[in-house]
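Next come the chains, spelled out residue by residue.
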Amino acid sequence: MQKNGLFLVKGKNPELRADQVEEYLDWRVRYELANFANQLETARVFWRHYRDLVEAQEFPEQLRTAYVEANGHEPGDRFVHYGREVLTPGYRETLKKVMGY
């Protein structure tokens, strides 16, 4: 296929070398740990500074209205594990298997 004077050739992705796989896994685990740590830090700060709002039975109406307007649904107590699996023993090896290596 030709596009803008260039020829594009669809081919197979080359197999990754073992060192490339390990380098990626190292990066991925560090990234996921840092992401989870960021979320935990935010939660801890909110709990320290706004404990009454965090622990309130009802979502404050002014904030609920703004939330619904921005997100299109009601706030809830849904909990998604947002990366907690990175803390489980053997996570790196599980990720490697999922990648097919």
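The structure this text deals with has already been given above.
Bear in mind that the values here come from a model prediction, so they are computed numbers and not experimental data.

How each quantity is defined
- Residues numbered from 1 in each chain as written.
- Predicted model: local features only at pLDDT ≥ 70, side-chain atom pairs only at ≥ 80, totals over all residues.
- Heavy atoms only, no water.
- Helix = DSSP H or I, 4+ residues; strand = E, 2+ residues; numbered from the N terminus.
- Buried < 20%, exposed > 50% of the residue type's maximum accessible area, 1.4 Å probe, protein only.
- Contact = heavy atoms within 4.5 Å.
- Core = buried A, V, L, I, M, F, W, Y, C linked by side-chain atoms within 4.5 Å.

A.B. asks: In this structure, what is going on with the overall build of the protein? I would like to understand it.
C.D. replies: In terms of helices and strands, the protein carries four helices and two strands. Mapped from its N terminus to its C terminus, the protein presents α and β elements in the order β-β-α-α-α-α. Counting across all 101 residues of the protein, residues that qualify as buried make up 11%. Restricting to contacts in the protein with at least 6 residues of sequence separation, those with at least 24 account for 64%.

A.B. asks: Looking at this structure, how should I read the nonpolar core?
C.D. replies: Most often, soluble globular proteins keep nonpolar side chains buried together rather than apart. Grouped together as the largest cluster of nonpolar side chains are six residues: Val 21, Leu 25, Val 29, Val 86, Tyr 91 and Leu 95. Counting residues per element, the ones that place at least two in this core are α1 (18-49) and α4 (91-98). In terms of residues, this core owes the most to one element, α1, which gives three residues. Setting aside chain neighbours within four positions, we find Val 29 in contact with Val 86, Tyr 91 and Arg 92.

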